[in-house]
Each structure stands twice: as structure tokens, then as C-alpha cells.
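Chain by chain, the residues:
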Amino acid sequence: MASTNPARGMRDFLPADVRKRNYVIGIIKQVYESYGFEPLETPSVENLETLMGKYGDEGNQLVFKILKRGEKLDLANATTESDLSDLALRYDLTVPLARVVANNKNDLPKFFKRYQIQPVWRADRPARGRFREFYQCDVDCIGSESLVVEAEIISAASHILSKLGFKDFEVRINHRGLLGKMVADAGIENETDALVALDKLDKIGAEGVTKELVERGISEASADNFLAAVNGNTSNDDLDAVLAMCSELRVKIDPSLARGLSYYTGTIMEIVLTDGDFKGSIGGGGRYDGLIGMFGKEQIPACGFSLGLERILVVMEERGMFPPEIAESTPADVMVTIWSEETIADSLKLANELRSQGLRVTLYPEPDKLGKQFKYADQIKVPFVCILGESELAENKVTVKNLKTGEQTLCPTSEISAIILGG
RNA sequence: GCGGCUAUAGUUCAGUGGUUAGAGCGCCUGAUUGUGGUUCAGGAUGUCGAGGGUUCGAAUCCCUCUAGCCGCCCCA
């Protein structure tokens, strides 16, 4: 038998999951729009050449490539990857944005402030809180080199976390220029290796980082110099300016913050929870003044931030942070039963009357024993059941039962919504 | 990509070479032909992940594959 599991690293979202996701996405949209960011959507699929070379070597490996189709797919004579694949699923939302900006410069305002909440795909190995298809919630501001952009983006992301109920979190910032200088001053040639090792400082400590630097072929003297620089005077004008504009927020300079994506050029930032046992960032971003220029046109400055929806959801689930109306939501306010074949039309009519009174109404889909119908109502957690049986029809009334209290009322149709909304 | 662990009913798991593979939960039926959530009685459900091997005999031992989990790597 074929497996009924979704494909590796992919997930089905059952109704309860979707409600929680929509709740979080709703707040993210609302906050981004309150800062004047506009929505953008781009295709799931990009041309392979659009994505390749934008994320570093590791990133290139993780791009989800799509096999060529029809006559273009010539397996017998294929010798390179580009003979087999010409498209790929998008790896993040930033590179597609850069492509859109490069392609639509004349139609976009001088400063393009957009948000985008869509899934991205990575051919990664799935782990806890890590999937092959996951949503990112990006905000970016295109066209300005001003550090006001950084400040505002940090503010928006902080705002969202507060509104979702997070209390202990902080934004850590660093600067690619500062990192590059420290690496060069220490006499280290391979900047990527140095940064990857440095990024683990809070996890494995100074000794661990030194060890890893040496393992990556960097001399012990250089490694020590590098770490000394990180712990020494790390002042940077850009970072100081951002800090000054974010005085109301919890922002901290973290000289060990590196971030993997290769397209960042200036400020880099990450948002982390400082309470509980969730390690790792739940969002990050930075300035990428060179990326849009990689599409061969004008060089345009840009800066953005991405919140990881899945990680936010994992933590909110573990901590029970969803409001009761989301956590205990029901598909309908009331369920209408069907007494018999002969009364189907009456039940259909009743359901529609209740809908026109503003209620969410679910109809039991077939005549059945009342016990079965109640059991189903209980299972889907609707709070009220309407019974329209022979005796009710004879009186032109409906029995309404409150499933929580067990209370039952016989009343005309017109009074039902008052009972349900009042109860 | 590397290392370790796991795969048995819808689900969580027990079963370490010997009849017909079990349990909890869930599901179905009835007690209750106009009333759920509680209770009681009864019932159904399996390619024991796939393929091969050892054996008189394999869910159990061996090999291969596949999938999942944990750690490393990397990342949101």
C-alpha cells in the first residue's frame, strides 16, 4: 500500500492547525500594514538561474530543483545539472523580491516597502521545528540606505512578537563590515569559515570556537586574535545609530552574530527568545545593498527582516499562547439535525434561516438516530443543537439544546439566535 | 553529507526462535426506536515497513532497501 504520509519534510494542516496559523498570520499582516508595508506575492517557481549563486555554496545545495519537462528533458544525453533542471522552488522571499524590483523599477514607488507571507522550500534534512516547506513572513524596504529603515524594521518585528504575547525577547544586531574587518585584521583569509565558527560562540564558548577555527585550517594565533577582537572594542557607527533610534526596544549589539546568507552587506539582525529553552532565532534579516544589482541592472539598496512562522507556532503551542477562541474554536455556532427523509427540506430551510440571522450553521448531512447526531455534535464541539422533529414541526417550533449545560428550550425560529448568542 | 536508534491494529505501545500476535485509547453495536459528553455489555480491525537469507519453525536472528526519530553539519 502506498504511504499515506505527506512527502518528507512536508505537512498537512488540519483545521485546528490552520486556525492557529491564520491567527498568527493575521497579526503579522495587521502590524506590517500598520507600518505602511504593502503586500506582494510571487510565484512558487523561479527560473533556476535566478536563485543559483545567491545563497552561498550551502544554499545552492539546498535549492529544490524541478526536472525539465517533455522534450526538453533528454536524460540520455544529459551531462550537467542544467541539462536536467531549469526551474526551482523559491528558497526564500528576498531573492524573488530583488528580481521583482529589478524587473519593475518604473512601476514601483521610490521607496518600495513590502511584506510577503508565503511558503518557501529547502531540500534540507527535516528536524524539530524545521521543514522542507515552511512559511516566511518578510518585510523589506527597498531604495534607501538610511538606517531609519533598520530601526523601523526592528520595531515592526518587535511589535509583532509583543502582540502575539511574547515578553522576553531581544533583537541582536551586528554588521558585516565590522565582521569583515575583524576577520581581515586577524589575518584570516576564509571569511565564511571564520563566521560560521564564530556564530556558535554562545553555544560552544570561546574554546570551542578556537578549536573549530583551527580545525578549519586557521592558525591558533589568528584565531586568538580574532576572538580578542570580537571581545574587544567593536564600536561601529551604523550599529550605534540603529541602537540610538531603537532606545524603546530591546536591541543589543552582538559581535558574534554572523548569519549564513551570503547576500548581506551591512547590518545583520536576529530576533531571539531570552526565556525558556527554545534556542535559536525565530527571525532574522539584514541589509543587502548588492543583491538587486546582481540582476544586472541598477544597484539599489535594500534591507529586510524575516520572521519564521513555524518556529513562532512551535513555541506558542508549547506555551499555550493562543487565545481561547482560537485554541477552542468550533466549526459552527449550532448544528441542525435531520429527523427523517420527509423533513430534510424543513431542516435545510431552518439552517438557511439561522444563517440569515448571522449564525454559523452546520447541518448534519443525513437523517439518523438522534443519538448519533448528538454524538457528532459533541465530537465537533458545536455548542448548540437544533432539533426539528415531528412534534416541533406540528407546533411550528424548534427545540434548541445547549450542549454544555444540557438546557433545552422549545421556541419559534425567530428566537433561536437570541438564545445561542446570549448563551 | 556523517553517526546512533526505531518501524507491530486508526493511534500509542507490549510481545527477544515454538499453537490462532496482544493491551490502553479510539472506532462500531446494544443497554437507550426523541438526546451527546459518564457508565455497563458485546464487536471489528493487522502484508508485524519492503525484499532476500538462516531455521523443522521468524514479528523475534542476519543482509539490503525504504521511511521516521535523535545528535553533528547547516538553517527559519
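What counts, and at which threshold
- Residues numbered from 1 in each chain as written.
- Chains lettered and ligands numbered in written order.
- Predicted model: local features only at pLDDT ≥ 70, side-chain atom pairs only at ≥ 80, totals over all residues.
- Heavy atoms only, no water.
- Near = heavy atom within 4 Å.
- Polar contact = N/O pair within 3.5 Å; in protein donor to acceptor, adjacent residues only side chain to side chain.
- Helix = DSSP H or I, 4+ residues; strand = E, 2+ residues; numbered from the N terminus.
- Nonpolar A, V, L, I, M, F, W, Y, C, P; charged D, E, K, R; others polar.
- Phe/Tyr/Trp six-rings, centres within 6.5 Å; stacked < 30°, edge-to-face > 60°.
- Lys NZ or Arg CZ within 6 Å of the ring centre and 35° of its normal.
- Pairing = 2+ DSSP bridges.
- Axes fitted to C-alpha atoms, helices over the stretch in contact; angles between N-to-C directions.
- Expected span 1.5 Å × (residues − 1).
- Buried < 20%, exposed > 50% of the residue type's maximum accessible area, 1.4 Å probe, protein only.
- Contact = heavy atoms within 4.5 Å.
- Salt bridge = Lys/Arg side-chain N within 4 Å of Asp/Glu carboxyl O.

Enquirer: Could you give an account of the protein's contact with RNA strand B, naming the residues involved and the relevant values?
Expert: The environment of RNA strand B is made up of 37 residues, and the closest members are Arg8, Arg130, Val196, Arg311 and Ser391. Among all atoms of RNA strand B positioned within 4 Å of the protein, those belonging to sugar or phosphate total 46%. One nitrogen or oxygen atom from the side chain of aspartate 378 is found 3.2 Å from a sugar or linking oxygen belonging to RNA strand B. Side-chain polar atom of glutamine 408 to a base oxygen of RNA strand B: 2.5 Å apart, as the coordinates give it. Going through the elements one at a time, strand E6 (133–142), strand E10 (281–287), helix H15 (370–379) and helix H16 (390–395) are the ones with two or more residues in the surface near RNA strand B. A total of six residues in the surface near RNA strand B trace back to one element, the largest contributor, which is H15. Per-class residue counts for the surface near RNA strand B are ten nonpolar, nine polar and 18 charged.

Enquirer: Please set out the packing of aromatic side chains residue by residue, giving values where relevant.
Expert: Taken as a whole and assessed by the stated rule, the structure comprises eight aromatic pairs. Through successive ring pairs, a cluster of aromatic residues spans Tyr55, Tyr91, Tyr263, Tyr264 and Tyr288. The ring of phenylalanine 13 carries arginine 21 above its face, with NZ or CZ at 3.8 Å from the centroid. The lysine or arginine in question, lysine 54, covers the ring of phenylalanine 295, its NZ or CZ lying 4.9 Å from the ring centre.

Enquirer: How would you summarise the sheet that holds strand E4 (residues 85–89) if you had to cite specific residues and measurements?
Expert: The three strands lie next to each other as E2-E4-E3, forming an open sheet whose pairing is antiparallel. The open sheet has two edge strands with one neighbour each: strand E2 (45–47) and strand E3 (65–67). Pairs of neighbouring strands in the sheet enclose a mean axial angle of 45 degrees, with direction left out of account. Both E2 and E4 contribute to a ladder of three bridges, which runs antiparallel. By the bridge assignment, glutamate 46 is partnered in E4 with alanine 88.

Enquirer: An account of helix H1 (residues 15–34) is requested, with residue identities and associated values reported.
Expert: Over its 20 residues, H1 extends 28 Å from the first C-alpha to the last, a length consistent with the 28 Å expected when each residue adds 1.5 Å. Among the residues making up H1, those that are buried are Lys20, Arg21, Tyr23, Val24, Ile25, Ile27, Ile28, Val31 and Tyr32. The secondary structure elements touched by the buried residues of H1 are strand E5 (112–121), E6, helix H6 (148–164), strand E11 (302–308), helix H12 (309–318) and helix H13 (324–327). Glycine 36, located one to two residues past H1, shows a positive phi value of around 85 degrees.

Enquirer: Account for the pattern of salt bridges, with residues named and values stated.
Expert: Pairing between side chains of opposite charge can happen when the charged atoms of each approach one another. By the definition in use, this model includes 18 salt bridges. In this structure, the salt-bridge partner of arginine 21 is glutamate 310, at a minimum N-O distance of 2.9 Å. A residue pair is termed long-range when its members are at least 10 positions apart, and arginine 21 in helix H1 and glutamate 310 in helix H12 qualify at 289 residues. The exposure class of glutamate 310 is buried, given its relative accessible area of 4%. Of the charged contacts, one joins arginine 287 and glutamate 150 as a salt bridge, the two residues approaching to 2.7 Å between their closest N and O atoms. Of the two residues, arginine 287 sits in strand E10 while glutamate 150 sits in helix H6, which places them 137 residues apart along the sequence. The buried category is assigned to arginine 287, whose relative accessible area is 4%. According to the relative accessible area criterion, glutamate 150 is buried, its value standing at 0%. Salt bridges sharing partners connect three or more residues here, namely Asp168, Glu170, Arg172, Arg250 and Lys252.

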